[in-house]
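The primary structure of each chain is shown beneath.
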Amino acid sequence: MQTKKYLLLLLAVVVIGLVVVMCNSRVEHSDGSQPTPAVQGVDTVPLLITQVQKCAKLYTAEYHVHKIVTHDDVLRLKGTVLKRGFDIKMPFGDRKVAIPIDAKLKAYIDFSSFSEDNIERQGKKITIVLPDPQVTMTSSKIDQKNVKEYVSLTRAHFSDAELADFQQQGREAIIADIPQMGIIETAQANAAKVLVPMLMELGYDEADITIAFRKHYGPNDIMKLLRYED
């Protein structure tokens, strides 16, 4: 009987203790609202910079370009007779050549110097301003097997110097076409595919992330960004 009293007394003490703990854990503000647990803010910028710098040179686009350079060299006789000029195409004096050129273009972004200057934050929104992209022509070669050449019997074949000059013209034509290829836009889109998941892992919502270049690059800008690695 005595033991039963002790057990009841012990049970009462335990119940009272639980009530006190529950009451203390439900402290209310003066307006009746429940307190919000304090969340320790974490600065994700240093971690983000470290992760992005690990990308180093991020190759974001690769284009294989095939271009045919044609040259039509017609032998003409020009002069003046009785103060009247003439320009006559000579028979059997044609030279023609079609030179296929294969070139490889790559776009990359160098993140080695990525810093806080490349990050803009406004509330929950974050914008990553990408470093200027670089475009490299890693190779440009004449497809010798498919060079087509027609030379009249009265004309000499094209010299190596002339063919080299035509190759250079082909390279310049490819370079001039780069702004229309969309290689810069592709580089930006592919960089976003790498950076957005990284930012989401750090707690940012995809809708709050913007990946952008510092400016719109026109044809003249792209020429300045071009590098050769032949």
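Residues numbered from 1 in each chain as written. Predicted model: local features only at pLDDT ≥ 70, side-chain atom pairs only at ≥ 80, totals over all residues. Heavy atoms only, no water.

Q: Outline the nonpolar core, listing residues and values.
A: Counting residues in each nonpolar core, the largest one holds 46 residues, and the members touching the most others are Ile128, Leu130 and Ile183. With eight residues, helix α4 (residues 183-201) is the single largest residue contributor to this core. Ignoring anything within four residues of it in the chain, the contact list for isoleucine 183 reads Ala61, Tyr63, Leu105, Lys106, Ala107, Val135 and Ile178. (Core = buried A, V, L, I, M, F, W, Y, C linked by side-chain atoms within 4.5 Å. Buried < 20%, exposed > 50% of the residue type's maximum accessible area, 1.4 Å probe, protein only. Helix = DSSP H or I, 4+ residues; strand = E, 2+ residues; numbered from the N terminus. Contact = heavy atoms within 4.5 Å.)

Q: How would you sum up the pairing of strand β7 (residues 209-213)? Please name residues and give values.
A: Regular strands show a simple pattern: their side chains alternate between the two faces of the sheet. Burial along β7 is one-sided: Ile209, Ile211 and Phe213 are buried, while Thr210 and Ala212, pointing the other way, are not. Pairing of strand β4 (residues 125-130) with β7, which is carried by five bridges, proceeds in the parallel orientation. In the sheet register, valine 129 faces β7, and the bridge partner there is alanine 212. (Pairing = 2+ DSSP bridges.)

Q: Tell me about the pairing of strand β3 (residues 119-122), and please be specific about residues and values.
A: Summarising the sheet, β3 and β4 pair through four bridges and their orientation is antiparallel. Considered in β4, the bridge of arginine 121 is made with isoleucine 126. Hairpin connection of β3 to β4: two residues between the antiparallel strands, including glycine 123 at a positive phi of 65 degrees.

Q: Pulling in residues and values, what's your account of the pattern of salt bridges?
A: For the coordinates displayed, the defined rule picks out five salt bridges. A salt bridge links lysine 106 to glutamate 62, with the nearest nitrogen and oxygen atoms 3.9 Å apart. Here lysine 106 is found in strand β2 (residues 84-110), whereas its partner glutamate 62 is found in strand β1 (residues 57-81), with 44 residues between them in sequence. The exposure class assigned to lysine 106 is partly exposed, which follows from its relative accessible area of 24%. Looking at glutamate 62, the relative accessible area reads 42%, which means it is partly exposed. Among the salt bridges present, the one from aspartate 177 reaches lysine 67, with a minimum N-O distance of 3.3 Å. With aspartate 177 in helix α3 (residues 160-181) and lysine 67 in strand β1, the pair connects residues that are 110 residues apart, well separated along the chain. (Salt bridge = Lys/Arg side-chain N within 4 Å of Asp/Glu carboxyl O.)

Q: Which residues make up the sheet that holds β3, and what are the values?
A: Think of a sheet as strands paired side by side through backbone hydrogen bonds, with each pair either parallel or antiparallel. The strand order across the open sheet built from three strands is β3-β4-β7, with neighbouring strands paired in mixed fashion. The strands lining the two open edges of the sheet, one partner per strand, are β3 and β7. Ignoring which end each strand starts from, the neighbouring axes of this sheet average 20 degrees apart. Contacts between helix α2 (residues 45-53) and the sheet are confined to β3 and β4, with β3 contributing the most and set at about 150 degrees to the helix. Lying over the sheet, α4 contacts β4 and β7, oriented at roughly 145 degrees with respect to β7. (Axes fitted to C-alpha atoms, helices over the stretch in contact; angles between N-to-C directions.)

Q: So, the confidence of the model for the chain: which residues are in play, and what are the values?
A: Any residue range with low pLDDT should be treated as having predicted coordinates unsuitable for detailed reading. Model confidence for the chain is summarised by a mean pLDDT of 75, while 71% of its residues fall at 70 or above. Confidence, read as mean pLDDT per element, is least for helix α1 (residues 2-25) in the chain (42) and greatest for β4 (92). Segment residues 1-42: pLDDT under 50, and eight contacts once partners within four positions in sequence are set aside and those in other chains are kept. (pLDDT = per-residue confidence, 0-100.)

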